[in-house]
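# Secondary and tertiary structure notes
The chain contents come next:
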Amino acid sequence: MNSWREYDISLRRQMVEEQIIRRGIRDEKVIDAFLTVPRPLFIPPEYRRWAYQDSPVSIGEGQTISQPYIVALMTILLDLRETDRVLEIGTGSGYQTAICAKCAEEIFTIERIQTLSDRAQDVFQKMGLPNVYCFVGDGSKGLPAYAPYDRIIVTACSDTIYQAWIDDLKEGGVIVLPLGREMMQSLIRGVKKRGRIVTENHGGCVFVPLIPDRFSP
Ligand SMILES: C[S@@+](CC[C@H](N)C(=O)[O-])C[C@H]1O[C@@H](n2cnc3c(N)ncnc32)[C@H](O)[C@@H]1O
């Protein structure tokens, strides 16, 4: 067990060096989070050998864990402070959630697929992350019961910034999401100013689609 852990730590360091630092991300808090969170734990055993690959990896249910660099970039764009309460739409594997949980006070994360949420909760428990709260449902409706949030991160692509997200976000708060559809998506950082979202574009990206309830079978 020890040797597996040591092997994993050296691969983790290599991932951080080659895929994150070399691409210009230097924020110590974010780098520390990447060095402490074991990425393979979030991936089912049949796909785990690709855990440190420089790409998204399947997690089953037709979903993916995002590429490490994209997770880092979204975390940097969120600009998390220790006191922040964060809403995440799309728990997926839970890896992005765990990275955010190392950098902020509380993470409320919502996933539409029960089995993925259950699996992620299992990992959060094993890792001892007491500041993560998991919900199953349609994240396009936000999570008003625990609003307002300082930050919102959406990890599936949406062709709109839902009013529920704007309502749930504090004035001055930040939302980061892949905006667009299929192969035409941009990574957007928005700031809520006087009740409206003012956006900046941070380049192209590819995410699985957000599926609101009205499209579910
Ligand atoms: C790219 S994956 C998330 C990757 C995640 N950040 C990670 O690190 O593994 C997107 C997730 O969004 C979920 N999703 C899609 N539509 C949703 C919705 N309406 N509400 C909540 N989750 C949704 C998908 O089931 C999927 O697990």
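For clarity, every value in this text was computed on a predicted model and none was experimentally measured.

## Some thoughts on the overall build of the protein chain
- Helix and strand counts for the protein chain stand at six helices and nine strands.
- For the protein chain, whose C-alpha radius of gyration is 16 Å, the value lies close to the compact-globule estimate of 17 Å for 217 residues.
- Referenced to the eigenvectors of the C-alpha coordinate spread, the extents of the protein chain come out at roughly 50 × 40 × 35 Å.
- Out of the 217 residues belonging to the protein chain, those deemed buried represent 42%.
- Of the contacts made within the protein chain by residues no fewer than 6 positions apart, 52% connect residues no fewer than 24 positions apart.

## Side note on the site of the ligand
- If you check the shell around the ligand, you find 26 residues, and the closest are Gly90, Gly92, Ser93, Gln96 and Gly139.
- Among the elements of the structure, strand E2 (63-65), helix H4 (95-101) and strand E4 (106-111) are those that each provide at least two residues to the shell around the ligand.
- Looking at which element gives the most residues to the shell around the ligand, the answer is E2, with three residues.
- Across the shell around the ligand, the residue classes tally to 13 nonpolar, 10 polar and three charged.

## Remarks on the environment of Thr97
- Within the secondary structure, Thr97 is located in helix H4.
- Given 28 C-beta atoms within a 10 Å radius, Thr97 is considered buried.
- Linking Thr97 and Thr75, residues 22 residues apart in sequence, is a C-alpha distance of 9.9 Å.
- Residues in contact with Thr97, not counting those within four places in the same chain, are Glu88, Thr91, Ile107, Thr109, Ala120 and Val132.

## A word on helix H3 (residues 68-78)
- Counting buried positions over the 11 residues of H3 gives eight, a clear majority of the element.
- Turning to H3, its buried residues number three or more, namely Pro68, Val71, Ala72, Leu73, Met74, Thr75, Leu77 and Leu78.
- Where H3 ends, the next residue or the one after it, Asp79, has phi of about 55°, a positive value.

## Structural notes on helix H5 (residues 114-127)
- Taking 1.5 Å per residue, 14 residues should reach 20 Å; H5 reaches 20 Å between its end C-alpha atoms and fits that length.
- Of the positions making up H5, those classed as buried are Leu116, Ser117, Arg119, Ala120, Val123 and Phe124. Along H5, the residues classed as buried sweep out an arc of 165° about the axis, all on the same side. Exposed positions of H5 whose direction lies more than 90 degrees from the buried face are Gln114, Thr115, Asp118, Asp122, Gln125 and Lys126.
- Buried residues along H5 sit in contact with strand E1 (57-60), E2, H4, E4 and strand E5 (132-136).

## As for the environment of Ile211
- Residue position: Ile211 is located in the segment after strand E9 (196-205).
- The sequence separation of Ile211 and Gly90 amounts to 121 residues, and the corresponding C-alpha distance is 9.9 Å.

## What to know about the pairing of E1
- Taken together, the three bridges between E1 and E2 define a ladder with antiparallel strand orientation. Directly across from Ser58, in E2, lies its bridge partner Thr64.
- From the end of E1 to the start of E2, which pair antiparallel, there are two residues, and Glu61 there has a positive phi angle of about 60°.

## As for the environment of Glu171
- Among the structural elements, Glu171 can be located in strand E7 (residues 169-181).
- Owing to 10 C-beta atoms within 10 Å, Glu171 belongs among the exposed residues under this scheme.
- Taking the C-alpha atoms as reference points, Glu171 and Lys193, 22 residues apart in sequence, are found 6.1 Å from one another.

## Here's the deal with the sheet that holds E4
- Strand order across the open sheet formed by seven strands is E5-E4-E3-E6-E7-E8-E9, with mixed pairing between neighbours. Of all the strands in the sheet, just E5 and E9 have a single pairing partner and so form its edges. Taking the axes of each pair of neighbouring strands and ignoring which way they run, one obtains an average angle of 15° across the sheet.
- By the bridge criterion, four bridges tie strand E6 (residues 149-154) to E7 in an arrangement that is parallel. Considered in E7, the bridge of Tyr149 is made with Leu169.
- Contacts from H3 reach E6, E7, strand E8 (184-193) and E9, with the element oriented near 150° to E7.
- Against the sheet, H5 makes contact with E4 and E5, and its axis sits at roughly 165° relative to E5, the strand it touches most.

The rules behind the values
- Residues numbered from 1 in each chain as written.
- Predicted model: local features only at pLDDT ≥ 70, side-chain atom pairs only at ≥ 80, totals over all residues.
- Helix = DSSP H or I, 4+ residues; strand = E, 2+ residues; numbered from the N terminus.
- Rg over C-alpha atoms; globule rule 2.2 N^0.38 Å.
- Buried ≥ 20, exposed ≤ 12 C-beta atoms within 10 Å, placed from the backbone.
- Contact = placed C-beta atoms within 7 Å.
- Near = placed C-beta within 6 Å.
- Nonpolar A, V, L, I, M, F, W, Y, C, P; charged D, E, K, R; others polar.
- Expected span 1.5 Å × (residues − 1).
- Arc of directions from axis to C-beta.
- Pairing = 2+ DSSP bridges.
- Axes fitted to C-alpha atoms, helices over the stretch in contact; angles between N-to-C directions.

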